[in-house]
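Coordinates in review
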Amino acid sequence: METSLRKKYWKENLRYLTILLFIWFLVSYGFGILLVDELNIIRLGGFKLGFWFAQQGSIYVFVILIFVYVRLMNKLDKKYKVNE
């Protein structure tokens, strides 16, 4: 792969990582810690939503983000013809 394509590939890869890490930060830190009091007004399955995000929601979102990242990287690899 030539240098300009490598730079485009990594730039797009880093953009994906930045977006996904921001989502994870927002869910785990923002919803689980900073906004917990506001979210505790809402109940999910009998539990306060802020508690749910702090205990389980951030883990579920993290696992979902892993699958999203794999899918995005597979598409990116095919786009730049570096797939296996």
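What comes next is a walk through the structure. Here the structure is a predicted model, which means the values were calculated and not measured.

On to the side chain of aspartate 77, then. One can find aspartate 77 in helix H3 (residues 49-79). Despite being buried, aspartate 77 has no salt bridge partner; lysine 78 is the closest side chain of opposite charge, sitting 9.3 Å away. Those residues in contact with aspartate 77, other than ones at most four positions away along the chain, are Tyr9, Val82 and Asn83.

Here we take up the side chain of serine 58. If you trace the backbone, serine 58 turns up in helix H3. We classify serine 58 as buried; its relative accessible area is 11%. In this view, serine 58 contacts Trp24, Val27, Ser28 and Phe53; residues no more than four positions away in its chain are not counted.

Let's shift gears to the packing of helix H1 (residues 3-34) against H3. Where H1 contacts H3, the axes come no closer than 8 Å and their chain directions differ by 170°. In terms of their interaxial angle, H1 and H3 are classed as roughly antiparallel.

Moving on, we come to the pattern of salt bridges. If charged atoms from side chains of opposite charge come close, those side chains can pair. Within this structure, the stated rule accounts for two salt bridges. One salt-bridge network, held together by shared partners, links Glu12, Arg15 and Lys79.

Here we come to the nonpolar core. Listed in full, the eight residues of the largest apolar core are Leu20, Val27, Leu39, Leu49, Trp52, Phe53, Val61 and Leu65. Breaking this core down by element, the ones donating at least two residues are H1 and H3. Looking at which element gives the most residues to this core, the answer is H3, with five residues. Among the nonpolar cores identified, the runner-up in size contains five residues, and Tyr9, Tyr16, Met73 and Tyr80 belong to it.

This paragraph deals with a nonpolar patch on the surface. Residues Leu14, Leu17, Leu21, Trp24, Ile59, Phe62, Val63, Ile66, Phe67 and Val70 make up a contiguous nonpolar surface patch of roughly 900 Å² in combined accessible area. Elements with a contribution of two residues or more to the nonpolar patch: H1 and H3. No other element matches the six residues that H3 contributes to the nonpolar patch. Residue class for valine 63 comes out partly exposed when judged on its relative accessible area of 39%.

Definitions and cut-offs
Residues numbered from 1 in each chain as written. Predicted model: local features only at pLDDT ≥ 70, side-chain atom pairs only at ≥ 80, totals over all residues. Heavy atoms only, no water. Helix = DSSP H or I, 4+ residues; strand = E, 2+ residues; numbered from the N terminus. Buried < 20%, exposed > 50% of the residue type's maximum accessible area, 1.4 Å probe, protein only. Lys, Arg positive; Asp, Glu negative; His and termini not counted. Salt bridge = Lys/Arg side-chain N within 4 Å of Asp/Glu carboxyl O. Contact = heavy atoms within 4.5 Å. Axes fitted to C-alpha atoms, helices over the stretch in contact; angles between N-to-C directions. Parallel < 35°, antiparallel > 145°, perpendicular 65-115°, else oblique. Core = buried A, V, L, I, M, F, W, Y, C linked by side-chain atoms within 4.5 Å. Patch = residues over 30% accessible without salt bridge, like charges linked within 9 Å, V, L, I, M, F, W, Y side chains within 5 Å. Areas by Shrake-Rupley, 256 points an atom, 1.4 Å probe, with all protein chains shown as cover.

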